[in-house]
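Close look at the chain arrangement
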Amino acid sequence: TGMNPMAGSTIIIQRPGNPNNPIANEMAMLAGSVVKIRAMPSGRAVTCRHENSPMGKRGMIEPREYIGGPNQHWRIENAPMFPGGFKIVQANNPNHVLRFTPAMPSPHEKVCVWTNEPGSPNQVWHRSGEALHPQGHPNMFLHFDPMTGMFTMAMERQPFIIERVM
């Protein structure tokens, strides 16, 4: 006679309640979820192109049509050392994160896939409306540049849709 220990139990998951910041609530609800991240209005998905370097760089991000799969799937993780911040982690590799890399020479390398370094502010992101900006840089935003067809950082806000895929 196997008894189900959960029989009759109610599990309550409370939605984070911050009426002044619905975007923060949305990000808190996505914590731990596998997501796709799309630049609007193009709809291009943040896609990893793997590339190792002697430093911590593990790849570039490129805007591609969404077809699914590991190079387009990310996991949102809370960054408790940075209130309101979160990390964007490659879903199939917890050691790879999106990192703001202002010292990289090319404008298209200002955001790279990097080795996860807990506590690094350059690996923490925030939502400002629907735009994404790195920790400590509230006026720099992830940006799809239609002229070059690449992602970069810009002072111009651009909406990104973050959607749960699993």
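These numbers were taken from a predicted model, which means no experiment stands behind them.

The next point concerns the overall build of the protein. Secondary structure summary: the protein contains one helix and 12 strands in total. Going through the 166 residues of the protein one by one, you find that 45% of them count as buried. Pairs at least 24 residues apart make up 52% of the contacts formed inside the protein by residues separated by at least 6 positions. Carbon and sulfur atoms provide 57% of the accessible area of the protein, an area that totals close to 8,900 Å².

Next up on the list: the pattern of salt bridges. Here the structure, examined in full by the defined rule, presents nine salt bridges. Residues E62 and R64 are paired through a salt bridge, measuring 3.1 Å at the closest nitrogen-oxygen approach. Under the relative-accessibility criterion, R64 is labelled partly exposed at 38%. A salt bridge links E117 to R99; the shortest N-O distance between them is 3.7 Å.

Counting buried positions over the six residues of strand β1 (residues 34–39) gives six, a clear majority of the element. In β1, alternate side chains face the same way, and those of V34, K36 and R38 on one face and V35, I37 and A39 on the other are all buried. Across two bridges, the pairing between β1 and strand β4 (residues 74–78) is antiparallel. Paired with V35 across the strands is W74, a residue of β4. When β1 meets strand β12 (residues 160–164), the two strands line up antiparallel, connected through five bridges. Residue pairing across strands places A39 opposite F160, the latter belonging to β12.

It is worth spelling out the pairing of strand β3 (residues 57–64) at this point. Walk down a regular strand and you will see the side chains alternate between the two sheet faces. Taking burial as the measure, the eight residues of β3 include six buried ones, the bulk of the element. Here strand β2 (residues 45–50) runs beside β3; their pairing, made up of six bridges, is antiparallel. Residue pairing across strands places V46 opposite P63, the latter belonging to β3. Between the end of β2 and the start of β3, which pair antiparallel, lie six residues. Examined bridge by bridge, β3 and strand β7 (residues 111–115) share three bridges and lie antiparallel to one another. Within β7, the residue paired with M60 across the bridge is C112.

Rules behind the numbers
Residues numbered from 1 in each chain as written. Predicted model: local features only at pLDDT ≥ 70, side-chain atom pairs only at ≥ 80, totals over all residues. Heavy atoms only, no water. Helix = DSSP H or I, 4+ residues; strand = E, 2+ residues; numbered from the N terminus. Buried < 20%, exposed > 50% of the residue type's maximum accessible area, 1.4 Å probe, protein only. Contact = heavy atoms within 4.5 Å. Areas by Shrake-Rupley, 256 points an atom, 1.4 Å probe, with all protein chains shown as cover. Salt bridge = Lys/Arg side-chain N within 4 Å of Asp/Glu carboxyl O. Pairing = 2+ DSSP bridges.

The quantities given are spatial measurements derived from coordinates; they are silent on function.
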